[in-house]
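Chain and residue survey
Each chain, written out:
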Amino acid sequence: MSLPEDIYTLLSDESDLTDLVGTRISPYVRNASTQTFPACVFEVSNTTIESDSGGSVAHCFSDVTVTALGRTFIEADEVAETILAAMTSWSEPDACVAMTTPTAVTRDQEMPYDGSQDLVYRTSIDFSIDHGVAI
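Values in this document were obtained by computation on a predicted structure and should not be read as measured data.

The next point concerns unusual backbone geometry. Residue Pro-38 follows Phe-37 across a cis peptide bond; omega there is 0°. Along the polypeptide, Pro-38 turns up in the loop between β1 (25-27) and β2 (39-51).

As structure tokens, this is what we get:
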């Protein structure tokens, strides 16, 4: 499996998160026609590959951002706290994940994109993931 697939599986299997967002977990982009909140979106923006002297991939470090979306900032933060707990406890030999370290939290909002008058609040958490060769 790839790292994005592993992240999707981790988040989808986390009952505390799915109790809040249901199945509204998306890689890279959320369909603007989907009007139900809260939700979360994740992306793997960069992977640094370390190779051994023979050119074989020995290890990878990936930058990952997981964004909680809500109609209130409290709702977005609640989802983000659940994401943080799931991601920081993630160490799974089958997924080649050695360690997931949070590096930053950002909060912002955007204009509604679904016909509503309510803002969409975003709480994003950046992670550095130390993992094996699954990219």
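Read on, since the account is not over.
One ladder, built from 12 bridges, connects β2 with strand β3 (residues 57-70); its direction is antiparallel. What sits directly across from Ile-49, in β3, is Cys-60. Where β2 folds back onto β3 in an antiparallel hairpin, the turn is made up of 5 residues, including Gly-55, whose phi is positive at roughly 90°. Two elements, β3 and strand β5 (residues 120-131), share 11 bridges in a ladder whose sense is antiparallel. Across the sheet, residue Thr-67 finds its bridge partner in β5, namely Ser-124.

A few words on helix α1 (residues 3-13). Working note: α-helix, 3.6 residues per turn, so residues spaced by three or four point in the same direction. For α1, the set of buried residues is Leu-3, Pro-4, Asp-6, Ile-7, Leu-10 and Leu-11. Along the axis of α1, the buried residues cluster in a sector spanning 160°; they form a single face. In this structure, the buried side of α1 is in contact with α2 (15-21), β1, β2, β3, α3 (73-88) and β5.

How each quantity is defined
Residues numbered from 1 in each chain as written. Predicted model: local features only at pLDDT ≥ 70, side-chain atom pairs only at ≥ 80, totals over all residues. Heavy atoms only, no water. Helix = DSSP H or I, 4+ residues; strand = E, 2+ residues; numbered from the N terminus. Pairing = 2+ DSSP bridges. Buried < 20%, exposed > 50% of the residue type's maximum accessible area, 1.4 Å probe, protein only. Arc of directions from axis to C-beta. Contact = heavy atoms within 4.5 Å.

Taken by themselves, the reported measurements are silent on function.
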